[in-house]
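# Coordinate analysis (summary)
Residue-level listing of the chains:
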Amino acid sequence: MQKFNKHIVQQEETLKSIAAFYDLDTDALKLFHNNLCQVKDMILIELTGQKELFIPRTAVADKNKLVKFGRGNSLIFQPGNSFFKYGVIINLERGDHKNELKYETSVRWLKSENNLHFFEIDRTSNLFLNEEEVNEIADTLAYKTSKVLYPLQVSVDQYGKFSAVENLSVFSERWPDVKNEVYKEFEGEIVDEYCRKIEAILDEPDAISLYLKNDYFIRTLFFGVYQRFGQNYQIEGTESFPVVNNPIEPRYKIKLEIDPLKDEYDLVNIGGEGKLHDERDVYDFINESPFSLIIDDNPTINHQGDFRIKYYLNGKLQLPESMYMECSIMLKEEKKISVVVSALTEQ
């Protein structure tokens, strides 16, 4: 993010008139400019031929360009009565092998209660694998049986971070109808075995909860960017993401930064980058170990993985318009997951 703006000095403008235009203290403006300019362009008392001045990023004539913050430059999550339709693209890469999944989904706010927001998520399109509608029996079965999960209800905390699945009990109630629909199209031992596996999972709510906790779309949409960004509009922390199948997700040390000015499309821009920061090594992750197998008072930290995220929020509602998340980790070969989510406009 650019840390400053520039003001082109007009004829007959003074340091005082420029400061007044931006509602700045004259001495504060001079100090800000002098800290960034070359020595020959420094201001001693008054302007002496400077052609441009460095001014703070938030010094703008149009105050509507400023992002609306709460105390401590906190971004407030207020999704009440919202409804969005999103297009989702998920790329799964492992070495040279790559698959792309596409589908559309809707997200409707339901209510707020006990510092949590509740949403209903529904699939609104067929699933496409590598630009083709799924038609292999295994892929089609997976898609057909996944209907038992939707509509899905989830809770999200005040930071916009996924909390839990809230309607686990209804999946078993939906299963008979979904199963009948499957058997109208398919039959045979493969289908019987697949349905038995689904039923075994439905009998274990914890297994379903873990499965949905690993949903890449949900985890990207509800990543938790509604934080207190502080004076420098930056925060640092550690976040996890289900890039591998493990009960303890790999952890990444990341830095999030928000631009205090909306862009030319009236969008709020948030970006983040980071590196893997986990005591487990490559072989721990390959063997799906939830902890490092090496006990050491000063463990070697594994940094063989990258994390990137980009959010674009509606400038008025400050709710997600589009987002991009990319997460990688080194196993025997690099594994990478990228998620692109874009709000769909009504035709």
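Numbers given for residues are sequential positions, taken from 1 along each chain in its written order. Whole-chain, interface and lining totals are the exception, using all residues; otherwise, since this is a predicted model, local features are given only for residues with pLDDT of at least 70 and side-chain atom pairs are given and counted only at 80 or more. In computing side-chain properties, one takes all heavy atoms of the structure into account and sets aside hydrogens as well as water.

## Regarding empty space enclosed by the protein
- Lining residues are defined by having an atom within 4 Å of a point belonging to a cavity or pocket. Those points lie on a 1 Å grid over the protein atoms alone, cavities being sets where a 1.4 Å probe fits but cannot get out and pockets being open sets with protein on both sides within 12 Å along at least five of seven lines. Grid points are joined across faces, edges and corners, and a volume is the space filled by probe spheres set on the points. The full count for this structure, using the stated rule, is two cavities of 30 Å³ or more.
- Estimates place the volume of the largest cavity at around 100 Å³.
- By the convention adopted, Pro, Cys, Tyr, Trp, Phe, Met, Ile, Leu, Val and Ala count as nonpolar, Lys, Arg, Asp and Glu as charged, and the other residues, Gly among them, as polar. Of the residues contributing to the lining of the largest cavity, the split by class is eleven nonpolar, two polar and no charged.
- Taken together, Tyr103, Thr105, Ile121, Arg123, Tyr150, Leu152, Asp215, Phe217 and Ile218 make up the full set of residues lining the second largest cavity.
- Secondary structure elements with two or more residues in the lining of the second largest cavity: strand E4 (97–113), strand E5 (116–123) and helix H7 (216–221).
- Within the lining of the second largest cavity, the residues separate by chemical class into six nonpolar, one polar and two charged. Only DSSP runs of H or I covering at least 4 residues are called helices, and only runs of E covering at least 2 are called strands; the numbering of each starts at the N terminus.

## Observations concerning the pattern of salt bridges
- The term salt bridge refers to a side-chain nitrogen of Lys or Arg lying within 4 Å of a carboxyl oxygen of Asp or Glu. According to the stated counting rule, one finds 17 salt bridges in the structure shown.
- Asp259 serves as the salt-bridge partner of Arg57, at 2.7 Å between the closest nitrogen and oxygen. Here the residue Arg57 occupies a position in the loop between strand E2 (52–56) and strand E3 (83–94), and Asp259 occupies one in the loop between strand E11 (251–258) and strand E12 (267–276), the gap between them amounting to 202 residues.
- With a shortest N-O distance of 2.9 Å, Asp278 and Arg280 are connected by a salt bridge.
- The structure contains a network of salt bridges with shared partners spanning Lys213, Arg219 and Glu249.

## A closer look at the environment of Phe186
- The topology assignment puts Phe186 in the loop between helix H4 (169–185) and helix H5 (189–202).
- Taking the C-alpha atoms as reference points, Phe186 and Thr140, separated by 46 residues in sequence, lie 10.0 Å from one another.

## Observations concerning the pairing of strand E14 (residues 320–330)
- By the convention used here, strands pair only if DSSP detects at least 2 bridges between them. Note: strand E13 (residues 306–314) against E14, seven bridges, orientation antiparallel. If you follow Arg308 over to E14, its bridge partner there is Glu326.
- The turn linking E13 back onto E14 is made up of five residues, and Gln318 within it adopts a positive phi angle of 55 degrees.
- Judged from the nine bridges that link them, E14 and strand E15 (residues 334–343) form a sheet pairing that is antiparallel. The residue of E15 that forms the bridge with Glu326 is Ser338.
- Hairpin connection between E14 and E15: a loop of three residues separates the two successive antiparallel strands.

## Concerning unusual backbone geometry
- The omega angle of the peptide bond from Tyr150 to Pro151 is 0 degrees, so this bond is cis rather than trans.
- At Asn114, a residue that is not glycine, the phi angle is positive and equals roughly 55 degrees.
- Throughout this description, buried means an accessible area under 20% of the type-specific maximum (1.4 Å probe, protein chains only), exposed means over 50%, and partly exposed covers the range between. We classify Asn114 as exposed; its relative accessible area is 67%.

## Quick word on the packing of aromatic side chains
- Any pair of Phe, Tyr and Trp rings, taking the six-membered ring for Trp, is counted once the centres come within 6.5 Å. Such a pair is stacked with planes under 30 degrees apart, edge-to-face with planes over 60 apart, and tilted for the rest. All chains considered together, the criterion is met by twelve aromatic pairs.
- On the basis of an interplanar angle of 70 degrees and a centroid distance of 6.5 Å, the ring pair of Phe241 and Phe307 is categorised as edge-to-face. Pair noted here: Phe241 is in the loop between strand E10 (234–240) and E11 and Phe307 is in strand E13, with a separation of 66 residues, a long-range link. One exposure class covers both Phe241 and Phe307, and it is buried.
- Between Tyr252 and Phe307, the aromatic rings sit 5.7 Å apart at their centres with planes inclined by 45 degrees, giving tilted as the arrangement. Remark: Phe307 occurs in strand E13 and Tyr252 occurs in strand E11; sequence separation between them is 55 residues.

## A few points about the side chain of Asp157
- Within the secondary structure layout, Asp157 lies in strand E8 (residues 152–157).
- Under the counting rule used here, the positive set is Lys and Arg, the negative set is Asp and Glu, and His together with the chain ends is not counted. The buried charged residue Asp157 lacks any salt bridge partner; its closest oppositely charged side chain belongs to Lys161, at an N-O distance of 6.8 Å.
- We call two N or O atoms a polar contact when they sit within 3.5 Å, provided that within protein one can donate a hydrogen and the other can accept it, with sequence-adjacent residues counted only if both atoms are side-chain atoms. Here the side chain of Asp157 touches Tyr159 through a polar contact of 2.8 Å, landing on its backbone nitrogen.
- Apart from the residues lying within four places of it in its own chain, the contact partners of Asp157 are Phe77, Asn115, Leu116, His117 and Ser163. A contact between two residues is defined here by any heavy atoms of the two lying within 4.5 Å.

## Details of the confidence of the model for the chain
- A score from 0 to 100, pLDDT tells how confident the predictor is in each residue. For the chain, mean pLDDT is 91; residues scoring 70 or higher make up 97% of the total.
- Taking the mean pLDDT of every element in the chain, the minimum, 72, falls on strand E7 (residues 132–133) and the maximum, 98, on E13.

## Focus: H5
- In this scheme, a helix's expected span is set at 1.5 Å multiplied by one less than its residue total. In a regular helix each residue adds 1.5 Å, so 14 residues correspond to 20 Å; H5 covers 20 Å between its end C-alpha atoms and thus fits that length.
- Here H5 has its buried residues at Val191, Cys195, Ile198 and Leu202. Along the long axis of H5, the arc covered by the buried residues comes to 55 degrees, so they all point the same way. Every exposed residue of H5 that faces more than 90 degrees away from the buried side is listed here: Glu189, Ile190 and Lys197. Throughout, the arc means that of the directions going from the helix axis to the C-beta atoms.

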